[in-house]
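# Close look at the chain arrangement
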Amino acid sequence: MPDFDDQAKPKLTDTELHVGPEFAVAERDVAEIVSGEIEAGASLWRDAWRRLLRNRLALIGIVIVLVIALACLIGPTVIEKATGHPYDFIPREASLTKAFPPFRSAGGQFSWQHPMGTDTAGRDVLARVLSGGQISLMVALIATVVSLVIGVTYGATAGYVGGRIDDLMMRIVDVLYSLPYVIIVIVLLALLPAKTPVGQMTELFIALGAVSWLTMARIVRGQVMSLKNQDFILAARATGVSTPRIIFRHLIPNALGPVIVYATLTIPTVMLSEAFLSFLGLGIRPPRVSWGSLAAEGAQNLAVYPWQMIFPGLTMALMLFCLNFVGDGLRDALDPQTRKQ
Amino acid sequence: MPTKMLRFIVRRIIIIVPMLFVVVSLTWALVRLAPGNFYSGEKKIAPAVEANLREKYGMDKPWYIQYGRVLRNIARFDFGTSLKYEGQSVNQILRRALPVSAALGFASYLLALVVGITFGTLAALKQNSWLDSLSMVIAMLGISIPNFVLGPLLVLLFSLTLYWFPPALWNGLASKNIVLPAITLSAIYIAYIARLTRAGMLEVMRSDYIRTARAKGLSEWQVVTRHALRGGLLPVVSFSGPALAFLITGTVVVEKVFALPGLGNYFINACFNRDEPLIIGIVAFIAVSVLVFNLLVDISYAIIDPRIKY
């Protein structure tokens, strides 16, 4: 549920994320260095990588995410090559009132033809889940990038410029936080149905990206505020580096840890929002499918053909579950201060 | 109440007005600028009939007069007549739909508070035990399973297989019908509240005043319920504000899954039908409730935590 994570208030996200000004050396790190688990003097990224490798849940999560993503990426092509039919192929012998359960053929005996069964039009559910995954993943990734670009630019500018402009910019964010904008997005998408599939997706990217940059802006601002008074920025300014260059070349790279963590956590949130909108019939529309629209379709035939809802729904839940674990794992790895005490 | 806080509250109440204005204007502009209108549906209407209908609903006037009327209506909290549901005022529809959504939201949030706080507290007290891991995995599941997947799954299990609860429709707060929708809607709050409670309690349990309470010889139960929970639940309180926004989006889906006649269902249908007065009425109502609720949360936050200054 669009669970629009970023509707959370600053107090909440701050306690959740503990955006620290720097990656301080925690007691545990000292212990790790002493015991030889982590080399003293290793870079932040190398440390983080080692911590991530030791976090088994996060590792399993990464593997599953990659497997599902790969399957969605090449699966539809493989299936098309193997069977000669695209994901929305409706077989001639299919009847509109009968769908095959998983692993069953027309005669009712065991068959590998449709591992997830077929939908009411006789289309293979596996092929549809995989190509739906393509769209869900793409929407989630691009919308996250949109929110990343807006949030980082906005937050870094506010944090670096400071003063009145910062006050104003952050007041705007506060105001946007308390608007029920999911409601506005619903109105927007219901009233302006795009004509082309590309237009539809562009609408989704913009709608989802535009509403999920707020928390990112706050995080980046906090980071930049604590970085900007440090000596290396002063040195850069003294040598005459321009403000945009200081922001993009010096401040943002140093604030990257929390940004990566939050971006990873934004992906599942956005994916969920896309599915929520598609479930309501506002996002991806036929003939294209996404996990949300597949689940919506399946929910209508729940009593008779439950697998049409279960497979897309559970695939999506598994993906979200793993993405959340990866995000948590990255947070633990990149920001040792907030590691589970 | 200190004057500073009073000033803060007054300022927050005043800011509600321009924000409501922005939301309503934005919605109205969207409804107006989008191609097509209520009368451009599948059913063709004779031009004369359409002209008469437009006159009846005041839609033949220039746009600024109509816009002015919308604003006036909202100032009086009277949103006019629905185009789709003939002869019914938007206020009547709101009165009918609101109790359904409110009851559902209330039941879900209550369930989420009880279950979430219990799990979160237990996880924090038995940190790093199997109970802790289990609670946190369940919480992660709650965040990861979309409610439009959870709802149908619950229906499949409890309605279509076990026949325990009805699969859909509304029968009032005190009926079996509310059980499945409430569980579906509360899953994600249970997850969030459990995680927030755990984090808050872990921080509080290490603080000095808890050590003092223990040193006074209080039993562990008293330490937790009297002292720790008060501080540890602050994040949960501040979550209640965003939670209402979550709840509203959540009810849209849950009401659709369970075919409940609530606000969310009316709202989606109004959007698809382009029922302008109903869309604007519901948006304005939701905006006001979210803004007021956020204000209440901030005030209660200050009352619970004396350290907060405005």
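What counts and what doesn't
Residues numbered from 1 in each chain as written. Chains lettered and ligands numbered in written order. Predicted model: local features only at pLDDT ≥ 70, side-chain atom pairs only at ≥ 80, totals over all residues. Helix = DSSP H or I, 4+ residues; strand = E, 2+ residues; numbered from the N terminus. Buried ≥ 20, exposed ≤ 12 C-beta atoms within 10 Å, placed from the backbone. Contact = placed C-beta atoms within 7 Å. Axes fitted to C-alpha atoms, helices over the stretch in contact; angles between N-to-C directions. Parallel < 35°, antiparallel > 145°, perpendicular 65-115°, else oblique. Left-handed = near helix turned anticlockwise from the far one by under 90°. Nonpolar A, V, L, I, M, F, W, Y, C, P; charged D, E, K, R; others polar. Expected span 1.5 Å × (residues − 1). pLDDT = per-residue confidence, 0-100. Bend = angle between axes of the 7 residues up to and from the residue.

### Some thoughts on the overall build of chain B
Broken down by element type, chain B carries 12 helices and zero strands. Secondary structure elements in chain B, listed N-terminal to C-terminal, are α-α-α-α-α-α-α-α-α-α-α-α. Each principal axis of the C-alpha distribution contributes one length, and for chain B these read about 85 × 60 × 30 Å. Across the 310 residues of chain B, 42% fall into the buried class. A sequence separation of at least 24 residues applies to 74% of the contacts in chain B between residues at least 6 apart.

### A look at the overall build of chain A
The helix and strand inventory of chain A stands at 14 helices and zero strands. The N-to-C order of helical and strand elements in chain A reads α-α-α-α-α-α-α-α-α-α-α-α-α-α. Here chain A holds 341 residues, and the buried ones make up 50% of them.

### Here's the deal with the packing of helix H11 (residues 263–273) of chain B against helix H12 (residues 276–304) of chain B
Residue and element names in this part refer to chain B. Between H11 and H12, whose axes approach to 9 Å, the crossing angle comes to 140°. Compared by their axis directions, H11 and H12 come out oblique. The two elements H11 and H12 meet at a crossing, and its hand is left-handed. Where H11 approaches H12, its residues Leu 263, Tyr 266, Phe 267, Ala 270 and Cys 271 are matched on the opposing element by Leu 278, Ile 279 and Ile 282. Here the contact of H11 with H12 is composed, by residue class, of eight nonpolar, no polar and no charged.

### Describing the interface of chain B and chain A
As a measure of interface size, the accessible area lost when the parts come together is often cited. Taken together, the contact between chain B and chain A spans 47 residues of the former and 41 residues of the latter. Elements supplying a minimum of two residues to the side of chain B that touches chain A: helix H1 (3–33), helix H5 (130–144), helix H6 (147–159), helix H7 (179–205), helix H10 (234–257), H11 and H12 of chain B. Of all the elements, H10(B) adds the most residues to the side of chain B that touches chain A, at 14 residues. Per-class residue counts for the side of chain B that touches chain A are 38 nonpolar, eight polar and one charged.

### Re the environment of B:Gly264
Residue and element names in this part refer to chain B. Tracing the sequence through the fold places Gly 264 in helix H11. Sequence separation between Gly 264 and Ile 248 is 16 residues, and the spatial gap between their C-alpha atoms is 7.3 Å. Discounting chain neighbours no more than four positions away, the residues touching Gly 264 are Ser 101, Thr 251, Val 252 and Glu 255.

### Things to note about H1(B)
Across its 31 residues, H1(B) extends 45 Å between first and last C-alpha, which sits within 8% of the 45 Å expected from 1.5 Å per residue. Buried within H1(B) are the following residues: B:Val23, B:Val24, B:Thr27, B:Trp28 and B:Val31.

### Focus: unusual backbone geometry
Peptide bonds are, in most cases, trans, and in most cases residues other than glycine have a negative phi. Even without glycine at this site, B:Ala259 takes up a positive phi of about 50°. B:Ala259 gets classed as exposed once you count the C-beta atoms within 10 Å, which come to 12.

### As for the confidence of the model for chain B
Residue and element names in this part refer to chain B. Mean pLDDT over chain B works out to 79, with 90% of the residues at or above the 70 mark. For chain B, the element scoring lowest by mean pLDDT is helix H2 (residues 47–56), at 73; helix H4 (residues 90–125) scores highest, at 85. Scoring the predicted complex yields pTM 0.76 and, for the interface, ipTM 0.75.

### Observations regarding the packing of H5(B) against H7(B)
Residues and elements named next belong to chain B. Two elements in contact, H5 and H7, have axes whose closest approach is 7 Å; the angle formed by their N-to-C orientations is 140°. Put simply, H5 runs oblique to H7. Considering only the axes of H5 and H7, their crossing is left-handed. Of the residues in H7, those touching H5 at Ser 135, Ala 139, Gly 142 and Ile 143 are Ala 187, Ile 188, Ile 190, Ala 191, Ala 194 and Arg 195. Tallied by class, residues from the contact of H5 with H7 come to seven nonpolar, two polar and one charged.

### Quick look at the environment of A:Thr157
Tracing the chain through its elements places A:Thr157 in helix H5 (residues 125–161). Here the alpha-carbon distance between A:Thr157 and A:Met169, two residues 12 residues apart in the chain, equals 9.2 Å.

### Some remarks on helix H9 (residues 220–232) of chain B
Residue and element names in this part refer to chain B. Counted at 1.5 Å a residue, the expected span for H9 with its 13 residues is 18 Å, but the 15 Å between its end C-alpha atoms falls short. The largest bend in H9 is about 25°, located at Arg 226. Turning to H9, its buried residues are Val 224, His 227, Ala 228 and Gly 232. At its buried positions, H9 is contacted by H4, H7 and helix H8 (208–215).

### Things to note about the confidence of the model for chain A
Taken residue by residue, chain A gives an average pLDDT of 74. The fraction at 70 or more is 75%. Counting interchain partners and residues more than four positions distant, the pLDDT-below-50 stretch residues 1–26 of chain A has 69 contacts.

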